[in-house]
Amino acid sequence: MLNKYLLIFFSFILITSCTNTKKKETENKEITLYTHRHYDSDKLIFEKFEKESGIKVNVVKANADELIQKMEIEGEKSRADLLITVDAGRLVRAKQKGLLQNATSEILEKNIPNHLKDEDNNWFGLTKRARVIVYDKNKVNPEDLSTYEALTDNKWKKKILIRTSTNIYNQSLLASIIANDGSEEAKSWASGLVENFARKPKGNDRDQVKAILAGEGEIGIINTYYLGKLINSKDSLEVKAGNAVGVFFPNQNNRGTHINVSGIGVAKYAPNKEAAIKFIEYLSSKEVQEIFANANYEYPVNPNASSSELLNSWGTFKEDKLPLSKLGELNKEAVIVFDEVAWDKGPNAE
Ligand code: FE
């Protein structure tokens, strides 16, 4: 009888240790990536990583809010090792919800500047974009431009084009103005800009450039990569719109132009943390940065990587070094200010 129990006991030990070894064997041999990016070039980069490292990359695509929600619901059982979003605001949100973890690495320390990553290494910028002023080359003298703040000047009445306040890019821009100029100043900036709107805000960033071509306004505020997309579009009207405008980097004599990043963080319950960090290190390397950023007409975050020819043709610029985590922290306040100044109702709203 005793022998029977001993046999059962030892078989149990054997089976458990076998499954544990099996689990160890698969650990860090693959990673699961929750991503909001959707470029063909990303796929090629992931394949290259698979070949070089022997680590398989599983990709789950959806928009950032859906991915964050999925991670929340899945909790400890989540298969996610990494989260990629296209703005810092949502990475800050994921961190605040406790969905990310510290991923300290000497390589990342070296490859990614401090203001482009989380202070606790919960997330890292991968590509950088600037939110710039574009102007009608035929009507505007760039010497008349200077700062975001100066766009509230009376001379730009009925000339400014910009999308609605529901968009995170505008929320982050206003958050940066709150951080730099204070709440009161930021509010009067927003209401002053509304007074200079050429029309009620609508469309995406590209639509503002098309509206300049159509003569609806003279100045737009857009992310740089959208201009890259227009100029390289298959649609001849988009190419024409892209070429009709010049790029102006605002605030060069003070804090610098507002920037944002697409970025990545290691999931709190990542089953393959070690491999996940290796993957971020790979994406931050000079060679991969050049492909990864250029694919979407963005700037690399690694200072040793070079930008594309098109981006170089717009010239170099001084960027606002405000820690990007601030954008997430001030997001709610920015949304409230937009509401208070009735941004989305446009000029002359009752
Ligand atoms: Fe975008």
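A few points on the structure. Predicted model only: the values in this text are computed from it and were never measured.

Moving on, we come to the side chain of Asn223. Position of Asn223 relative to the elements: it lies in strand β7 (residues 219-223). Take Asn223: its relative accessible area is 3%, and that puts it in the buried class. At 2.9 Å, the side chain of Asn223 forms a polar contact with the side chain of Arg131.

The reference angle at a metal is 109.5 degrees if four donors form a tetrahedron and 90 or 180 degrees if six donors form an octahedron. Bound to the iron ion on the protein side are Tyr169 (OH), Tyr225 (OH) and Tyr226 (OH), at distances that span 1.9 to 2.1 Å. Going along the chain, you hit the donors of the iron ion in the pattern Y-x55-Y-Y. Grouping residues by exposure puts Tyr225 and Tyr226 together as buried.

Moving on, we get to the packing of helix α7 (residues 183-196) against helix α15 (residues 331-340). Contact geometry of α7 with α15 gives a least axis separation of 9 Å together with a crossing angle of 45 degrees. It follows from the interaxial angle that α7 and α15 lie oblique. When the axes of α7 and α15 are compared, the crossing they make is right-handed. Between α7 and α15, the residues in contact are Ser183, Ala186, Lys187 and Ala190 and Glu333, Val337 and Glu340, respectively. Of the residues contributing to the contact of α7 with α15, the split by class is 3 nonpolar, 1 polar and 3 charged.

Below, the discussion takes up α7. If you check α7, its first and last C-alpha atoms are 20 Å apart, about what 14 residues at 1.5 Å a residue would give, namely 20 Å. For α7, the full list of buried residues reads Ala186, Trp189, Ala190, Gly192, Leu193, Val194 and Asn196. Packing partners of the buried residues in α7 comprise β6 (160-161), α6 (168-181), β7 and α15.

Tallied over the entire structure, the rule returns 26 salt bridges. Note that Asp65 is salt-bridged to Arg90, the shortest N-O span being 2.9 Å. One end of the pair, Asp65, is in helix α3 (residues 64-74); the other, Arg90, is in helix α4 (residues 88-96), with 25 residues separating them in the sequence. Assessed through its relative accessible area of 37%, Asp65 is described here as partly exposed. When its relative accessible area of 15% is taken as the criterion, Arg90 is described as buried. Among the salt bridges present, the one from Lys117 reaches Glu109, with a minimum N-O distance of 4.0 Å. A relative accessible area of 9% means that Lys117 is categorised as buried. Residues joined in a network through salt bridges with shared partners are Arg37, Asp42, Arg129 and Glu298.

So, on to the environment of Val140. Here Val140 is to be found in the loop between β5 (124-136) and β6. Along the backbone, Val140 and Val245 are 105 residues apart, and their C-alpha atoms lie at a distance of 9.5 Å. Ignoring anything within four residues of it in the chain, the contact list for Val140 reads Tyr135, Leu145, Trp156, Glu218 and Ile219.

Once that is clear, we can look at the environment of Leu67. The residue Leu67 is located in helix α3 in this model. Relative accessible area serves as the criterion here: at 0%, Leu67 is assigned to the buried category. Sequence separation between Leu67 and Asn114 is 47 residues, and the spatial gap between their C-alpha atoms is 26 Å. Setting aside chain neighbours within four positions, we find Leu67 in contact with Tyr34, Thr35, His36, Val60, Ala62 and Leu83.

Running from N to C, α6 and α15 cross one another at 100 degrees; their axes reach a closest spacing of 8 Å. Looking at the two axes, α6 sits roughly perpendicular to α15. Residues Ile168, Asn170, Gln171, Leu174, Ala175 and Ile178 of α6 touch α15, and the partners they reach there are Asn331, Glu333, Ala334, Val335, Val337 and Phe338. Counted by class, the contact of α6 with α15 contains 8 nonpolar, 3 polar and 1 charged residues.

This brings us to the packing of aromatic side chains. Two descriptors summarise a pair of aromatic rings, namely the distance from one centre to the other and the angle between the planes of the rings. This structure, assessed with the given rule, holds 10 aromatic pairs. Between Trp189 and Trp343, the aromatic rings sit 6.4 Å apart at their centres with planes inclined by 40 degrees, giving tilted as the arrangement. Placement of Trp189 in helix α7 and of Trp343 in the segment after α15 is noted, with a sequence separation of 154 residues between them. Exposure remark for Trp189: the relative accessible area of 4% places this residue in the buried category. Summarising the aromatic geometry, the rings of Phe338 and Trp343 are spaced 4.6 Å apart at their centres and angled 70 degrees between planes, so their arrangement reads as edge-to-face. Judged by relative accessible area, Phe338 falls into the buried class, the value being 3%. Grouped by ring-pair contacts, the aromatic residues Phe46, Phe49, Phe279 and Tyr282 constitute a single cluster. In this structure, Arg37 is placed above the aromatic ring of Phe292, and the distance from its NZ or CZ to the ring centre is 3.8 Å.

Each value, and the rule that gives it
- Residues numbered from 1 in each chain as written.
- Predicted model: local features only at pLDDT ≥ 70, side-chain atom pairs only at ≥ 80, totals over all residues.
- Heavy atoms only, no water.
- Helix = DSSP H or I, 4+ residues; strand = E, 2+ residues; numbered from the N terminus.
- Buried < 20%, exposed > 50% of the residue type's maximum accessible area, 1.4 Å probe, protein only.
- Polar contact = N/O pair within 3.5 Å; in protein donor to acceptor, adjacent residues only side chain to side chain.
- Donors = N, O, S within 2.8 Å, 3.2 Å for Na, K, Ca; no water.
- Axes fitted to C-alpha atoms, helices over the stretch in contact; angles between N-to-C directions.
- Parallel < 35°, antiparallel > 145°, perpendicular 65-115°, else oblique.
- Left-handed = near helix turned anticlockwise from the far one by under 90°.
- Contact = heavy atoms within 4.5 Å.
- Nonpolar A, V, L, I, M, F, W, Y, C, P; charged D, E, K, R; others polar.
- Expected span 1.5 Å × (residues − 1).
- Salt bridge = Lys/Arg side-chain N within 4 Å of Asp/Glu carboxyl O.
- Phe/Tyr/Trp six-rings, centres within 6.5 Å; stacked < 30°, edge-to-face > 60°.
- Lys NZ or Arg CZ within 6 Å of the ring centre and 35° of its normal.

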